[in-house]
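Descriptive analysis of the structure
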Amino acid sequence: MKDKPRKEIDLILRGGTVLTMDPDMQVLENQVIAIQDGRIIDICAPEEANYRATKVLNTSDCIVMPGLINTHTHLPMTFFRGLADDLPLQKWLNGYIWPLEAKLLNREVISQAALHGACEMIKNGITQIHDMYFDMPAVAKSCSQAGLRALIGEAVLDLRGNSEEVRATLGNKVLELRQRFADDPLLDFNLAPHSIYGCSEKTLKKCAEVAEKHGILLHMHISETQNEVDDCLKEHGVKPVFYLQKVGILALPALYAHGVWTDAEEIALMAKNPASIAICSDSNLKLASGILPLAEYLKQGVNLSFATDGVASNNNLDLLAEMDLTAKLHKAVNSDPAFLPAAETLKIATVGGARALGVSEKRGSLEIGKDADICVLDLNALECQPVYNPYSHVIYSLGSRHVRDVVINGEVVLENQVLTRVDEDGIIEAAQAWKSHILKELDLL
Ligand SMILES: [Zn+2]
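Here the residue numbering is sequential within each chain, running from 1 through the sequence in written order. Where totals are concerned, whole chains, interfaces and linings use all residues; where local detail is concerned, this predicted model gives features only for residues with pLDDT of at least 70, and gives and counts side-chain atom pairs only at 80 or more. Remark: hydrogens and water are excluded; side-chain values derive from all non-hydrogen atoms of the structure.

1. Comments concerning the overall build of the protein chain
This is how the line gets drawn: Secondary structure follows DSSP: runs of H or I at least 4 residues long count as helices, runs of E at least 2 residues long count as strands, and numbering of each begins at the N terminus. Restricting the calculation to C-alpha atoms gives the radius of gyration, and the globule rule supplies 2.2 Å times the number of residues raised to the power 0.38. Exposure categories follow from relative accessible area, calculated using a 1.4 Å probe and restricted to protein chains: below 20% of the type maximum is buried, above 50% is exposed, and the middle band is partly exposed. When checking whether two residues touch, look at their non-hydrogen atoms; a contact exists if any pair is within 4.5 Å. Note on areas: Shrake-Rupley with a 1.4 Å probe; residue coverage comes only from the protein chains shown. By the counting scheme adopted, Arg and Lys are positive, Glu and Asp are negative, and His together with the chain ends is not counted. Each charge is placed at NZ for Lys, CZ for Arg, CG for Asp and CD for Glu.
When you go through the protein chain residue by residue, the secondary structure sums to 15 helices and 19 strands. Here the C-alpha radius of gyration of the protein chain, 22 Å, is about what a compact globule of 445 residues would show, namely 22 Å. Seen along its three principal axes, the alpha-carbon backbone of the protein chain occupies a region of about 80 × 45 × 45 Å. A total of 445 residues make up the protein chain; the buried ones form 59% of that total. Considering only residue pairs separated by 6 or more positions, the protein chain has 74% of its internal contacts joining residues 24 or more positions apart. Total accessible area computed for the protein chain in this model is approximately 18,100 Å², and 50% of it derives from carbon and sulfur atoms. Once the 42 positive and 60 negative side-chain charges of the protein chain are each reduced to a mean point, those two points are 3 Å apart.

2. Quick word on the packing of helix 13 (residues 342-356) against helix 14 (residues 390-397)
Helices that pack against each other are described as a pair by the angle of their axes relative to one another and the distance between those axes. Selection criterion: Lines fitted to C-alpha atoms define the axes, with helix axes restricted to the stretch in contact, and inter-axis angles between N-to-C directions lie between 0 and 180 degrees. Any angle between 65 and 115 degrees counts as roughly perpendicular, while under 35 counts as roughly parallel, over 145 as roughly antiparallel, and the rest as oblique. Three categories are distinguished: nonpolar for Ala, Val, Leu, Ile, Met, Phe, Trp, Tyr, Cys and Pro, charged for Asp, Glu, Lys and Arg, and polar for the others, with Gly belonging to the last.
One can describe the packing of helix 13 onto helix 14 by two numbers: an axis separation of 8 Å at closest approach and a directional angle of 70°. Viewed along their axes, helix 13 and helix 14 adopt a mutual orientation that is roughly perpendicular. Together, Ala342, Ala343, Thr345 and Leu346 of helix 13 and Tyr391, Ser392, Val394, Ile395 and Tyr396 of helix 14 make up the contact between the two elements. Split by residue class, the contact of helix 13 with helix 14 holds seven nonpolar, two polar and no charged.

3. Points about the environment of Ala372
Summarising the element assignment, Ala372 is placed in the loop between helix 13 and strand 16 (374-378). For Ala372, a relative accessible area of 0% puts it in the buried group. If near-sequence neighbours (up to four positions away) are discounted, Ala372 is found in contact with Ile35, Gly38, Arg39, Ile40, Val407, Ile408, Asn409 and Gly410.

4. A closer look at the sheet that holds strand 4 (residues 32-36)
We apply this condition: At least two bridges found by DSSP between two strands are what make those strands a pair.
The strand order across the open sheet formed by four strands is 5-4-1-6, and the pairing between neighbours is mixed. With partners counted over all chains shown, the strands left at the sheet margins are strand 5 (39-44) and strand 6 (51-58), one partner each. Direction aside, the axes of adjacent strands within the sheet are offset by 30° on average. The pairing of strand 4 with strand 5 spans five bridges and is classified as antiparallel. Counted as the bridge partner of Val32 is Cys44 from strand 5.

5. Things to note about the sheet that holds strand 18 (residues 411-415)
If you walk across this open sheet you meet the seven strands as 3-2-7-16-17-18-19, and the pairing is mixed. Edge strands, defined here as strands with exactly one partner in the open sheet, are strand 3 (27-29) and strand 19 (418-419). Taken together, the three bridges between strand 17 (residues 403-408) and strand 18 define a ladder with antiparallel strand orientation. Residue pairing across strands places Val406 opposite Leu414, the latter belonging to strand 18.

6. Thoughts on the packing of aromatic side chains
Convention followed: Pairing of aromatic rings covers Phe, Tyr and the six-membered ring of Trp, with a centre-to-centre limit of 6.5 Å; geometry is then stacked below 30 degrees between planes, edge-to-face above 60, and tilted otherwise.
Evaluated as defined, the whole model comprises three aromatic pairs. Ring geometry for Phe79 against Trp434: centres 6.2 Å apart, planes inclined by 25°, an arrangement best described as stacked. Taken together, the residues Phe79 in the loop between strand 8 (68-73) and helix 1 (89-104) and Trp434 in helix 15 (residues 424-444) connect sequence positions 355 residues apart. Accessibility expressed as a relative area gives 13% for Phe79, which makes it buried. Since its relative accessible area comes to 11%, Trp434 is described here as buried.

Printed below as a string of C-alpha cells:
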C-alpha cells in the first residue's frame, strides 16, 4: 500500500514538553507542532504527523510554550536605560525623561532605540508588545524589521502643548496607520491617553468618543503613585477609577498599567467593566511607587497581565524575571506561599495578556488555528535539571538566558539564541554611539 503524500508546510517543532495554556491547561509530551502560513495547523504525536516542513526545530529537552505578551511598554526608551536611576517618579519624569525627550526625540533615535528594544523583547521570549510612545510609524517599522508583533499606541499628552490641535485629530493617525500597514500581520495601532495627570478632561472624553466610534482599545497609566490619587481627588473630587467612569473611558475595553493605589471599591467597579491591568512590579518597586493589591484584583476577577513598562524604569525587558518577582513578592505580602502558584502566574503572562489586548481568539495559548507565536526554553543546562514541574521551572528556575528559539507569526525570529532578521552586533554598536550624543544633550539641560 502506498503512503499518503506528506503535506508540505512551513515549520515543525518536534518534541519537548508543551505547555499549551489551553482551557484544560494540557501539558503534552513529545508532540509535533505543525505550522503553516503563520498559524498552528496541528498538534499531534510524531507517528501521526504526516508533514514535510521547510524547517524543523528539534525541541526535545525544551519547554515549548506560548510567547509571552508584554502589555505595557515604551519601546523607544531603550537608550535611556540606567540614565537616571534611584529617583521618585515625578522627579524622574519632570527632571530627566520629559525634558530629554523634548530635546532629543526624532525619527532616527526612535527607530534605532525601538529596534534595539524589539530585539531585546524577542530574546526574552516575548512575542507581542503593547506600546505607548510617539512616532508610531517609526516604532512600527522597527518592530516589523525585528519580527516582533506589536500593538502600537501613540501617547496622547496635553502637556506637550497644542492640545486643541491634538484633540481635533485624535484617532486619525490610528486609522490611517491601520490602513497603511494592513498587509503586515505583525502590526496594529491604538490610542494611548498617557494618564489622568497627563491629559485634560476634554482630551480624555475625546479619546473615549473616538475609541468607541472606531472600536479602538485604550491604553493608559492609572493610579501608579499615591500622589496621583491625591491629586485626582483634589482636582476632580473622585478617585481615579471613578474619574475614568466620569469621562467615559471605563465602559470601553482598556488596558491600565500599574493600578497600584486602587482600593477595593474601585477594583469592584473595574471588574464590572472591560478593564485589564498590566502588573509592572519591577518598575513599581524601583520607583518606590508601591505594591498593587493583587489579591483584591484576583478576588474581584479583574483580568490581569504582565508588563515590563519602559526600560528606563525597570531596567530590563524581562517578563520571566517579572513573573518570578511578582509571584514571590505577593506570596510574602499575603503571608501565603500558596498564593499565585506557578501555572497561574504563567497564565497571566499568556492567556491574560491576550485577553487584555482583545486577541484571545488568536493568541495566548498553543491550540490548532491560533497564531504560531511560540517561546522555546532550553532545559539543557545544570541549573535546569532535574525537572519535576515545568511551570515551576518557567517561573522560579529559568531566565531569559534559557530562551533558545522564538517563533512569531510562524517565522523563527530567534534560533539558537541568534536573531535571524537583525545583526545584533550592529544594534549594540548603535546604542553605544547614541550614549555619547545623549550625554551631551543631558549636559545642556
Ligand atoms: Zn509606563
